Amino acid sequence: MKKYILFLFTLIAVSCSKDDFSEQSTESKIVVEGWIEEGDYAQVLLSSSIPVTDVIDSTNVLNHVIRSAKITVSDGLNSEVLRVRNDKNRVPPFVYYGTTLIGEAGKEYSIKIEYLNRVVQAVTTIPKSVKITNAEYIKKNPSDTTGYVFVKFDDPVNEKNYYQIATKIDGEEPIFVPAFYGNLDDKNFTASAMSIQINRGVLLFPKTKFTPYFTDGDLIFVKLRTQNKDALDFWNSWQNEIVNSRNPIYPANTSLKSNINGGIGIWAGYGQSIFIVKTPEKIKPI
């Protein structure tokens, strides 16, 4: 069974580099990966940073997961305290979930995290969703057993938009994985009607060698997220760390962008549109 290492693990490792270890050694930072999507509830992964001198393994990571924080999410009028839940499909298997406050486009959402004597806060908004018009699995040659996904959507004219494309393979990946180079700024678009090749993301690190393509037999969920500039900057900086590092668990430096006041990480609002792509069935060997 493949072992999934979430983005949170990367943040835990990157938060204390050799360059600033003397400063960080006395007190760890609170690491946040939180989001609220249009039509869905808030979710937050929470941890304390691990010094670079520590061994990164499942036991040590679980020791740094924060399960007893008070996390409050508010839209300015209504608020709720998130509940921590054991989710066996995740590593680490602890996620803070909302159950009453549903994300709406155009609204501002604040998050307040209280843990021991610390308070961590951030604010985000949910952009309007942009619908996927089509998504296809395409192979270079008919005899190939692997291919890529091409996503089509119409970028609204006279609106500023930032996007993230993520995929999830049914039965293989428990979460949506940001596509490699799937963070998009519409200033780089040459037309409103967009068709983009999607490479499979590297958010998870299975024991087998990573491949950026999809395979016959995959049932692929494709998600187009609209996001804010701070989320775009954060995910681009995360991707740069992965690209520039030989070992993705230990990124090259600590240049990750963050919108978290009092901690590190991201609190993001997303619009969302999902499209399901079916690939040809695998040909069984004779």
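Criteria and thresholds
- Residues numbered from 1 in each chain as written.
- Predicted model: local features only at pLDDT ≥ 70, side-chain atom pairs only at ≥ 80, totals over all residues.
- Heavy atoms only, no water.
- Pairing = 2+ DSSP bridges.
- Helix = DSSP H or I, 4+ residues; strand = E, 2+ residues; numbered from the N terminus.
- Axes fitted to C-alpha atoms, helices over the stretch in contact; angles between N-to-C directions.
- Buried < 20%, exposed > 50% of the residue type's maximum accessible area, 1.4 Å probe, protein only.
- Contact = heavy atoms within 4.5 Å.
- Salt bridge = Lys/Arg side-chain N within 4 Å of Asp/Glu carboxyl O.

Trainee: Would you take a moment to explain the sheet that holds strand β6 (residues 94-97) for this structure?
Mentor: Neighbouring strands of a sheet are bound in pairs by backbone hydrogen bonds; such pairs are parallel or else antiparallel. Taken in spatial order, the eight strands make up an open sheet running β5-β6-β2-β1-β16-β15-β11-β12, and their pairing is mixed. On the outer flanks of this sheet lie β5 (83-86) and β12 (177-185), each paired with one strand and no other. Between one strand and the next, the sheet's axes are offset by a mean angle of 30°, whatever the strand orientation. Pairing of strand β15 (residues 219-227) with strand β16 (residues 264-278) involves eight bridges; the strand directions are antiparallel. Along β16, the bridge assignment pairs F221 with I276.

Trainee: How should unusual backbone geometry be read in this particular structure?
Mentor: One non-glycine residue with positive phi stands out, namely L116, at about 55°. Here L116 lies in the loop between β7 (108-115) and β8 (118-125). Judged by its relative accessible area of 73%, L116 is exposed. The backbone phi angle of N158 is positive, close to 65°, even though this residue is not glycine. Positionally, N158 belongs in the loop between β10 (146-154) and β11 (162-169).

Trainee: Would you take a moment to explain the side chain of T72 for this structure?
Mentor: If you trace the backbone, T72 turns up in strand β3 (residues 70-74). Those residues in contact with T72 that sit more than four places away from it in its chain are S79, E80, V81, S110, I111 and K112.

Trainee: Which parts of the structure should I look at to understand the pattern of salt bridges?
Mentor: For side chains bearing opposite charge, pairing can occur when the charged atoms are close. Per the stated rule, a full pass over the model turns up 11 salt bridges. For E159, the salt bridge goes to K128, with nearest N and O atoms at 3.2 Å. Of the two residues, E159 sits in the loop between β10 and β11 while K128 sits in the loop between β8 and β9 (132-138), which places them 31 residues apart along the sequence. Residue E173 pairs with R200 through a salt bridge whose shortest N-O separation is 3.3 Å. Here R200 lies in the loop between β13 (193-198) and β14 (214-215) and E173 lies in the loop between β11 and β12, a separation of 27 residues in the sequence. Ionic contacts of the salt-bridge type, sharing partners, join the residues E37, K223 and R225 into one network.

Trainee: It is not clear to me how the sheet that holds strand β4 (residues 79-81) should be interpreted in this structure. Could you clarify?
Mentor: One open sheet accounts for four strands, arranged β4-β3-β7-β8; its pairing is antiparallel. Both edges of this open sheet fall to β4 and β8, since each of them pairs with a single strand only. Neighbour to neighbour, the strand axes of the sheet diverge by 15° on average, direction disregarded. As defined by bridge partners, β3 adjoins β4 across three bridges and the pair is classed as antiparallel. Paired with V73 across the bridge in β4 is E80.

Trainee: Looking at this structure, how should I read the pairing of β11?
Mentor: Sheet faces and side chains relate simply in a regular strand, where the side chains alternate between the two faces. Counting buried positions along β11 gives seven out of eight residues, so the element sits mostly inside the fold. Inspection of the sheet shows β11 paired to β12 by five bridges, in the antiparallel sense. The partner of Y162 across the bridge, within β12, is D185. Pairing between β11 and β15: eight bridges, direction antiparallel. Each bridged residue has a counterpart across the sheet, and for A166 the counterpart in β15 is K223.

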